[in-house]
Every structure is written in C-alpha cells, then in structure tokens.
Amino acid sequence: MIVADWQAGTVTDAARATPSGRVLTLDIPSWPGNDPGQHLDLRLTAEDGYQAVRSYSIASYGTGPRVELAVDEVPDGEVSPYLVEDVRPGDELEVRGPLGAFFVWTPAQSEPVQLIAGGSGIVPLMAMARAHHDSGSTAAFRMLYSVRSAPDAYYAAELADLVDEHFALHWAYTRQAPDGWAEPAGRISRALLERVTAPASAAPLVYICGPTGFVEAAARIMVGLGHDPARVRTERFGGA
Amino acid sequence: MAVISRGFGARRRESDPDLPPGQFLTTDFPVLSAGPTPDIDTADWSFTIRDETGETHAWDWDELHALGLEDVHTDIHCVTRWSKLGTHWRGVSLDRLFENVESSYDFTMVHSYGGYTTNVPLEDLLDGKAWIATEFEGEPLDPEHGGPARLLVPHLYFWKSAKWVRGIVMHARDDPGFWEQNGYNMYGDPWKEQRYW
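Residues numbered from 1 in each chain as written. Chains lettered and ligands numbered in written order. Predicted model: local features only at pLDDT ≥ 70, side-chain atom pairs only at ≥ 80, totals over all residues. Heavy atoms only, no water.

### A look at the sheet that holds strand β4 (residues 51-57) of chain A
Residue and element names in this part refer to chain A. Read across the open sheet, the six strands follow the order β4-β3-β6-β1-β2-β5; overall the sheet is antiparallel. Only two strands of the sheet have a single neighbouring strand rather than two, namely β4 and β5 (66-72). On average, each strand axis in the sheet is inclined to that of its neighbour by 35°, with strand direction left out of account. Pairing geometry for strand β2 (residues 21-27) and β5, over seven bridges, is antiparallel. Note on β5: the bridge partner recorded for Asp27 is Arg66. (Pairing = 2+ DSSP bridges. Helix = DSSP H or I, 4+ residues; strand = E, 2+ residues; numbered from the N terminus. Axes fitted to C-alpha atoms, helices over the stretch in contact; angles between N-to-C directions.)

Next up, the structure:
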C-alpha cells in the first residue's frame, strides 16, 4: 500500500444530513479503492495558493471513483465549515489515500463484531456495516450508535434497513431521547453497554470511533466488562 | 498546478514558521491511540533496556526519577496534522538511561504497556533528543496522553513518542513497529512530511 500522490476530485453531491453536518459525495477518477474503515487526506487550495489539509474517514468502500464522506462542522474550524457550509456540487478538491490499515474490517473476517459509534464517529463504521451487508457476511454484527438526539444521527434510515439476523442496531441518546424512548438521555454507561453490546464471552472484535471522551469512556467500559484490550480498536475524531 | 477549490480560504489561519508543512496549530491536546487506555500503577511500573546479549537494564519509578528530571520546552507534531507549539514537559533524558548500555546495534524497538511498538534509530534517542516524560505542563502525565510515562522524541511525528512506555529492545535492523506496519513511515520527519509509506 504505497500512498499515491494527490488526486483531483469533484464534489458531486453535498447533502445536509444533521444540524451540524453534511454527507459529501466525491468523484475521484483515479481513486484506487479502499477497505471499509480507512481514511483519506483532503486538500483544499485557495485562489491565492493557500492550502489546508485534513484527514477524514470514508463512509464508502470498494473501488472508485465514487467516494463518500460525512463531515461535522467544527466550531472555529477552517476546513470543516467550508465543507459543511460552502462547498457545492461541481467544486473541485484533492485527496490522498486510502490511509490506515488497522481500523479496517473486511468480509474475510468471520468473527463477531461490535461497532460502537459516537456522533460523526459513525463514518468508518458505516463503511464496515455496508460491506458486511453487501457481502452477505454471516458474521454477527452489533452496532451501538450514540447521538445527542435523533436529528443528530447520520444514516439513520439506511442503518434501520441494514438490521437483520446478522446485524443488530441499538441507539443511545445523550441529550434528548425521542418521545416514548424507554431510557432517559445520558452518557453511555457500563449498564447500557453490558445490556446492548456483545458479551466478552463471544470474543468479538470491537471497533470504537467518536470524539476522544466518548472513545475513552467506551473503551474503558468494554475492557472493564472483560473484553481483551488487544481486541478493542479505537479511532478518535479531533478536527478543525 | 494544484486544483483550486472555489471560495476556500476565507477562514484561514495565520501561518507560523514553526509549523511543518501540512500541519495546523491546535491549542487542544488531541488523543490518538489504537486501543484502550491502560491503567498502570507507578508501584508496578518499570522501564527496561535490553541489548543483543539479552542483558537488561531496568529502573522502577523511583529509580527513574533518581536519574534526574529535565525541563523540556518543545513543539510537537502529530501525523494527523495537528501541531502544538511551546509545550512544557519534564522527563529523564535517554542519554542517562543509555549511559551503561553497550550495544553495537543502531536501531531500537520501543515497547509499551498494552502491546504498542514503534521503531526509532538509536541516534534519534541520544544527544538530548529524547526523554522518558512523566509530567506535562506541570502536572503528572494523564493516562490518555500516555501516563504515567511516555517516550518524548519531539523531532519526529508524535506516534514515535510511544505512550505508556515500558522498554526498549536493541535491534540490528530497522524493523517496523505497529503503525509502521499499518501504513505509516519508518522514520517520520515532520519537516520532510514523511507521513506514509
């Protein structure tokens, strides 16, 4: 996996997905394809030559040229506000990748998997869930997706469609639960994870992605529930 | 000529000559780890250097501190593109730890609690370039940032500054560590943008 040079791409769709974020679809003719869970570097160049680069996880997988990102706006950022507020179909940018070979799932893996997402941390896990479904994998997948409130969820409808005998989905709400939801809103807890995630006895591979505080908490709880730390893979979202 | 992104650049940040290419300044201290943060009690902590004969040099927490902590004022650069300028650390120089280590090998593998590894050439650990750091900005190092002790080798991308460090093994060859097997550069000089394979 030698990382190629910068590749030109065009924004083909920019759809508002949450109050703070959009799903961007890019057309990158030279994209070499990516495994579920990988990320890329995205470079923007201003008319006067000024450049900025940031890393984004990829929500799509497989061979190009279509690459999908979901971008949350970081307050006071310089790149994410452009991608969430300003960019529109037809605009050009550059990417480099795919990057990372560790936070990856491929259909060749048959063991149980527990996915735990916080906010826009859903992005690389979405690629894994899509690949799991599309490949017809019978690996037992469970996903816990924690969001502030229902409108803050990316891919809610598509995730609901993925649910079947091999893919279980659980929601957690940290600020406001939907009407009639059985649990009060709140941060993820040991009791919640014990109830809705795969038990340590099933020895799942655990992938956790989200903001640092969320990932620290979730990983600590899973290890406390008996999961082997070596089978808990984490990816944190910082940003700007 | 690079592709121009229409309308980009309105929110740009001031450039800084201390910022390596492709990096942006942050005032936060983001965390990047491949797995859970381990709980390590300093009463159980030790640091070991092992040479090619199998001889080991070991220090417990108090013995490490008895070697003397130095103040380190440095910039740090993460391969995920954030940099922090002017950070303050305290730690023990690797020069002190290697004082009585005799090895003909030129490479090292740094090992951490939790299983993380990273490869660093020996010369990048000596001559005042690297420390075992136990304090950050006047406080004991937080576990999520590598506490109780992490390697600090700030002239390389920060994944080389292994969190939760527990030892160094001398190597004859420059064998790849964890991220180096997973897509990242063997050396990692931020000023040359040595990020990936």
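### So, the nonpolar core
Of all hydrophobic cores here, the largest spans 40 residues; its most connected members are Trp45, Phe47, Leu94, Leu97, Phe98 and Ile132 of chain B. Residue contributions to this core peak at three residues, all from strand β11 (residues 165-171) of chain B. Beyond its immediate stretch of four places on either side in the chain, Leu97 of chain B contacts Phe47, Ile49, Trp59, Leu64, Leu67, Val92 and Ile132 of chain B. With 32 residues, the next largest nonpolar core counts Phe103, Met128, Tyr145 and Tyr173 of chain A among its residues. (Core = buried A, V, L, I, M, F, W, Y, C linked by side-chain atoms within 4.5 Å. Buried < 20%, exposed > 50% of the residue type's maximum accessible area, 1.4 Å probe, protein only. Contact = heavy atoms within 4.5 Å.)

### Description of the state of the cysteines
Tallying each qualifying case throughout the model produces zero disulfides over all chains. Of the cysteine sulfurs around Cys209 of chain A, a residue in no disulfide, the closest is that of Cys78 of chain B, at 15 Å. According to the relative accessible area criterion, Cys209 of chain A is buried, its value standing at 0%. Look at Cys78 of chain B and you get buried, because its relative accessible area is 5%. (Disulfide = S-S within 2.5 Å.)

### Here's the deal with the interface of chain B and chain A
Across the boundary between the two partners, chain B contributes 28 residues, which contact 49 residues of chain A. Of all residues in chain B, Arg6, Phe8 and Arg11 of chain B bury the most surface against chain A, accounting for 22% of the area lost on that side. Between the two partners, chain B and chain A, sit five salt bridges. Asp41 of chain A serves as the salt-bridge partner of Arg81 of chain B, at 2.6 Å between the closest nitrogen and oxygen. (Buried area = accessible area lost by both parts, 1.4 Å probe. Salt bridge = Lys/Arg side-chain N within 4 Å of Asp/Glu carboxyl O.)

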